[in-house]
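Chains, contacts and geometry: an overview
So the chains spell out like this:
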Amino acid sequence: MPAKCYSLQHMPIKIIAIANQKDGTAKTTTTAAIAVLLSRGGVSVHMVDMDPQASLTRAFGLTDSTDRLYNALRTGESISVGDSRVLW
Ligand SMILES: Nc1ncnc2c1ncn2[C@@H]1O[C@H](COP(=O)(O)OP(=O)(O)OP(=O)(O)O)[C@@H](O)[C@H]1O
Ligand SMILES: [Mg+2]
């Protein structure tokens, strides 16, 4: 179920987490498809790839930021918001 959350402009935003303990169950494919379809429908989408495999990151042609968020969560080291990329 999407969590209720608010952006900095106090606009309601929805968080959709795709999770399944079993591998190869189309989590990444589903995430990418939902993101692209929502975006084409005019919704602003922010994808967060927390998987150290970084398949979602690579699916969108980004290769230089693999496992940075995963490592930051593991070690407590900081990462910059500037690591986000505008894709479309
Ligand atoms: N609807 C589908 N029909 C057929 N194949 C699919 C479908 N959705 C995904 N696949 C294929 O299944 C494989 C696993 O998909 P995906 O990488 O999205 O799974 P995942 O759950 O993210 O895997 P992992 O646990 O390794 O992160 C990929 O090769 C993908 O192309
Ligand atoms: Mg995956």
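Above: the structure in question.
Notes on the overall build of the protein chain
A tally of helices and strands in the protein chain yields three helices and two strands. The linear arrangement of helices and strands in the protein chain, starting from the amino end, is β-β-α-α-α.

As for the site of ligand 1
Around ligand 1 sit Asp23, Gly24, Thr25, Ala26, Lys27, Thr28, Thr29, Asp51, Gln53 and Ser55, and that is every residue in its neighbourhood. Counting residues per element, the shell around ligand 1 draws most heavily on helix α1 (residues 27-40), at three residues. Its residues assigned to classes, the shell around ligand 1 shows one nonpolar, six polar and three charged.

Structural notes on the environment of Asn20
Along the chain, Asn20 turns up in the loop between β2 (12-15) and α1. The residues contacting Asn20, other than those within four sequence positions of it, are Thr25 and Lys27.

A look at unusual backbone geometry
With a phi angle near 75°, Ala26 is a residue other than glycine that sits in the positive phi range. Topologically, Ala26 is positioned in the loop between β2 and α1. Judged by C-beta crowding, with 11 C-beta atoms within 10 Å, Ala26 ranks as exposed. Phi at Ala54 is positive, roughly 55°, even though this residue is not glycine. Note that Ala54 resides in the loop between α1 and α2 (55-59). The exposure class assigned to Ala54 is partly exposed, which follows from the 19 C-beta atoms found within 10 Å.

What counts and what doesn't
- Residues numbered from 1 in each chain as written.
- Chains lettered and ligands numbered in written order.
- Predicted model: local features only at pLDDT ≥ 70, side-chain atom pairs only at ≥ 80, totals over all residues.
- Helix = DSSP H or I, 4+ residues; strand = E, 2+ residues; numbered from the N terminus.
- Near = placed C-beta within 6 Å.
- Nonpolar A, V, L, I, M, F, W, Y, C, P; charged D, E, K, R; others polar.
- Contact = placed C-beta atoms within 7 Å.
- Buried ≥ 20, exposed ≤ 12 C-beta atoms within 10 Å, placed from the backbone.

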